[in-house]
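Secondary and tertiary structure notes
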Amino acid sequence: MKLFALVVLLACSCKAKPAKRDDAAVAIAKDAGTSDSAGNAPWPELAGLPTVEPTRVIALPVKLDVPRFTVGGPVLAGGVAVISSSQFGFIAIDYRAGHIAWNKPAGARVAPPHVVDGNVVLIGECVNPPEVKPGETLLGCMRVVTPTGADVAYVAVHGKRVEEFAGASGEQRVYSGDKGLVWLRGDHAVAIDLMSGVATPAPGGAPPLAITYKDKTWRIRRTDEGIIAAEGKPAWRTEGSYGTLLGGVYIPGQSPLVRVASAIRHEGKPEILVFDI
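Since the model is a prediction, treat every value here as computed from it, not as a measurement. (Residues numbered from 1 in each chain as written. Predicted model: local features only at pLDDT ≥ 70, side-chain atom pairs only at ≥ 80, totals over all residues. Heavy atoms only, no water.)

What follows covers the environment of Val82. Here Val82 is to be found in strand E2 (residues 80-85). On the basis of relative accessibility, which here comes to 0%, the residue Val82 falls in the buried class. With 32 residues separating them along the chain, Val82 and His114 place their C-alpha atoms 8.8 Å apart. Ignoring any residue separated from it by four or fewer positions in sequence, one finds Val82 in contact with Gly73, Pro74, Val75, Ile91, Ala92, Trp102, Pro113, Val120 and Leu122. (Helix = DSSP H or I, 4+ residues; strand = E, 2+ residues; numbered from the N terminus. Buried < 20%, exposed > 50% of the residue type's maximum accessible area, 1.4 Å probe, protein only. Contact = heavy atoms within 4.5 Å.)

Moving on: the state of the cysteines. Covalently bonding the sulfur atom of one cysteine to the sulfur atom of another cysteine gives a disulfide. The tally for this structure, following the rule as stated, stands at one disulfide. Here Cys126 connects covalently by a disulfide to Cys141, the sulfurs 2.0 Å from one another. On the sign convention where negative is left-handed, the bridge of Cys126 and Cys141, at about 100 degrees about the S-S bond, is right-handed. You can see Cys126 sitting in the loop between strand E6 (119-124) and strand E7 (137-145) and its partner Cys141 sitting in strand E7, a full 15 residues away along the chain. An identical accessibility class is assigned to Cys126 and Cys141; each is buried. (Disulfide = S-S within 2.5 Å.)

Attention now moves to the side chain of Ser84. Note that Ser84 resides in strand E2. Here Ser84 falls in the buried class, since its relative accessible area comes to 0%. Among the polar contacts made by the side chain of Ser84, one reaches the main-chain carbonyl oxygen of Ala111 at a distance of 3.3 Å. (Polar contact = N/O pair within 3.5 Å; in protein donor to acceptor, adjacent residues only side chain to side chain.)

Taken together, four strands build an open sheet; the order of strands is E1-E2-E3-E4 and the sheet is antiparallel. Two strands in the sheet have a free side with no partner beyond their single neighbour: strand E1 (71-77) and strand E4 (99-104). Between one strand axis and the next, the sheet turns through 20 degrees on average, direction left out of account. (Pairing = 2+ DSSP bridges. Axes fitted to C-alpha atoms, helices over the stretch in contact; angles between N-to-C directions.)

A few words on the nonpolar core. With 17 residues, the main nonpolar core has Ile123, Leu139, Met142, Leu181, Trp183, Val190 and Ile192 as its most contacted residues. Secondary-structure elements contributing two or more residues to this core are E6, E7, strand E8 (151-159), strand E10 (181-185) and strand E11 (188-192). Counting residues per element, this core draws most heavily on E7, at three residues. Non-local contacts of Val190, meaning those with residues more than four positions away in its chain, are made with Leu139, Val162, Phe165, Leu181, Val182, Trp183, Ala199, Thr200, Pro201 and Ala202. Ranked by size, the runner-up nonpolar core spans 11 residues in total, among them Val75, Val82, Phe90 and Val120. (Core = buried A, V, L, I, M, F, W, Y, C linked by side-chain atoms within 4.5 Å.)

Before going further, it helps to spend a moment on the sheet that holds strand E14 (residues 216-222). In space, the four strands of this open sheet follow the order E13-E14-E15-E16, with antiparallel pairing throughout. Taken across any chain shown, the strands that pair with only one partner, and hence form the sheet edges, are strand E13 (209-213) and strand E16 (236-237). Looking at chain direction, strand E15 (residues 228-231) and E16 are connected through two bridges and run antiparallel. Its bridge partner being in E16, Ala230 is matched across the sheet by Trp236.

Attention shifts here to the packing of aromatic side chains. All chains considered together, the criterion is met by two aromatic pairs. In this structure, Arg185 is placed above the aromatic ring of Phe165, and the distance from its NZ or CZ to the ring centre is 4.7 Å. (Phe/Tyr/Trp six-rings, centres within 6.5 Å; stacked < 30°, edge-to-face > 60°. Lys NZ or Arg CZ within 6 Å of the ring centre and 35° of its normal.)

Attention now goes to a nonpolar patch on the surface. Together, Trp43, Leu46 and Leu49 line one region of the surface with nonpolar side chains, adding up to about 340 Å² of accessible area. The residue Leu46 is located in the loop between helix H2 (23-28) and E1 in this model. On the basis of relative accessibility, which here comes to 45%, the residue Leu46 falls in the partly exposed class. (Patch = residues over 30% accessible without salt bridge, like charges linked within 9 Å, V, L, I, M, F, W, Y side chains within 5 Å. Areas by Shrake-Rupley, 256 points an atom, 1.4 Å probe, with all protein chains shown as cover. Salt bridge = Lys/Arg side-chain N within 4 Å of Asp/Glu carboxyl O.)

Written out as structure tokens, the structure is:
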């Protein structure tokens, strides 16, 4: 139900009077609603926090007889939230109007959608797989569409020495790299040229955190030793090690901060220390 909860949470951001909801849709997405009994809530530990009713619940064309192998998104572009699933390919939801704006087909393996220059990049299995040159491996097909669903480009994702990525499994990420896109699957990654679809092996690992301030950009990573290191001008790194790199914190009128966390013990009790650098 994770996918539906994400969609409902996006819909909650709209300031509108609660619309009349379809009972079947509410039943499908009931884990995103509220409960009169804290003990019956999915996470009783959160019972003391404020709750909110969704403005609207948008039912998706889920095929209950098809396994949900992979899901991705949502990403926002031009008033729509785009999500991916092995059950329906790619769907764009107009979360203000409360309906499905468009959908694009894909096979059983789909990558998370990604926004580049205002358009949405959709990578998944090819519906009609094309032939590739000898020695190359077909990884899928990449479609670039506008927020309204108009096709901009459609190319096959293919390359040499990418067999390990083709057979890899695990969590997927798609993010913008120095040259084109980086598609991460488990411990393996490939860099994809947006124009040709040519894929080449790329370093695995979590994508860097990009922090931009005025005309400068830093790419920040957590090393295997827990050091937080930033590539940019000026480059910097921490002396101590940290457990998790959470993200960037932007405060109006101030330079951005980097939020990190570490697991500690205080007076014999486990705690999570969250602070900004």
